[in-house]
Amino acid sequence: MVNQRNILVVLHTGRQDSVDAAVRVCAQLRDAGVTAVIAPQEIDDVGAYPEQLAGMPVLGIDVDMADLELVIVLGGDGTILRAAELVRGSAVPLLGVNLGHVGFLAESEREDLTETVRRALARDYHVEERMTLSVRVKVDSEVVYETWALNEATVEKASRERMLEVVMEVDGRPISSFGCDGVVMSTPTGSTAYAFSAGGPVVWPSLDALLMVPLSPHALFARPLVVSPDSALAVEVLPRTQGTGVLWCDGRRTHDLPLGARVVVRRSPTPVRLARLHLGPFSDRLVGKFNLPVTGWRGPTTRD
């Protein structure tokens, strides 16, 4: 049908609360005359769940990616990252409903589910673009692996008992070499994820930048770096390393790194688009998600 509206529903099939939420969302979409679509990766899992989810049109089989209007994601940040992977390369935005813990990428919480779907149906949301990373692995000047990341690309040691010897590079120039557990190369979106846990700075997502954060470095100078979004970051696994490395992107895509491997990270031309219901400042989201103490704040009495 020419005017048919299609919304992809992505859920965490291993969690009953996510399945229950999907039943509610699909019913609300159907009542509004909108087609609820499922990803092919979830067909087998959903088949064992309530009949309300049976017989849904399948993305790529019954509905083309280009015909999607929106993706509603039910779960935590991991589920949102999986949804971003599913629709990579398209312009369809993601609207996350947090059923996990922090849910930094999500736009609403489980108690707001019905209202969230109502606003999705009314197209009452703002679309925000988030920069992503283009990631290449080179061995002897040959590109052996290519992928992307929304949060971060991380070079890590493959063995717990072995330190990784690396050299960090920015724009073709070396910065420092040291032994470590790894190095995180992150977007501003990822600054509140793995990079944050490693002691990196929180970077407002409105700022275009790239981050480099060493993991447990054995060095006098191994500080987190914030550089231009047009810079090229690189981490080389040095031959003197006793163990091997591994590349992880968003905790989902991985590639083994032999000695001498070189991981190059640049800004990708393809962003991820997030549907936003609330246009408040990022500082409010930061305080709310991390439950930061702000008691006693009086605010400015005049414009600063």
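Computed from a predicted model, the values in this text were never measured in an experiment. (Residues numbered from 1 in each chain as written. Predicted model: local features only at pLDDT ≥ 70, side-chain atom pairs only at ≥ 80, totals over all residues. Heavy atoms only, no water.)

*Asks:* I keep staring at the overall build of the protein and nothing clicks. Help me out?
*Replies:* Per the secondary structure count, the protein includes 6 helices and 19 strands. Its C-alpha radius of gyration of 21 Å places the protein within 12% of the 19 Å reference for a compact globule of 304 residues. With respect to the three principal axes, the spread of C-alpha positions in the protein is 60 × 55 × 35 Å. For the protein, the residues scored as buried account for 49% of the 304 residues in total. Here the analysis covers contacts within the protein between residues at least 6 apart in sequence; of these, 68% occur between residues at least 24 apart. With the model as given, the accessible surface of the protein reaches about 14,900 Å², and the carbon-plus-sulfur share is 49%. (Helix = DSSP H or I, 4+ residues; strand = E, 2+ residues; numbered from the N terminus. Rg over C-alpha atoms; globule rule 2.2 N^0.38 Å. Buried < 20%, exposed > 50% of the residue type's maximum accessible area, 1.4 Å probe, protein only. Contact = heavy atoms within 4.5 Å. Areas by Shrake-Rupley, 256 points an atom, 1.4 Å probe, with all protein chains shown as cover.)

*Asks:* What am I meant to see in the layout of surface pockets here?
*Replies:* Here the idea is plain: a probe the size of a water molecule rolls over the atoms and shows the empty space left. The computed volume of the largest pocket comes to approximately 420 Å³. Lining the largest pocket are 20 residues, with H278, G280, P281, F282 and R285 sitting closest to its centre. Within the residue set of the lining of the largest pocket, elements represented by two or more residues are β5 (108-109), β6 (126-130) and α6 (282-290). Per element, the largest residue contribution to the lining of the largest pocket is 5 residues, and it comes from α6. Partitioned by chemical class, the residues of the lining of the largest pocket number 6 nonpolar, 5 polar and 9 charged. A volume near 180 Å³ is recorded for the second largest pocket. Tallied by class, the residues present in the lining of the second largest pocket amount to 5 nonpolar, 7 polar and 1 charged. (1 Å grid on protein atoms, 1.4 Å probe; cavity = no way out; pocket = protein on both sides within 12 Å on 5 of 7 lines; lining within 4 Å. Points joined across faces, edges and corners; volume = space filled by probe spheres on them. Nonpolar A, V, L, I, M, F, W, Y, C, P; charged D, E, K, R; others polar.)

*Asks:* Hey, could you run me through the environment of V166 in this one?
*Replies:* For V166, the location among the structural elements is in strand β10 (residues 164-170). For V166, a relative accessible area of 0% puts it in the buried group. With sequence-adjacent residues up to four places away left out, V166 is seen in contact with S176, S177, F178, C180, V183, V235, E236 and L238.

All quantities given are derived from atomic positions and should not be read as evidence of function.
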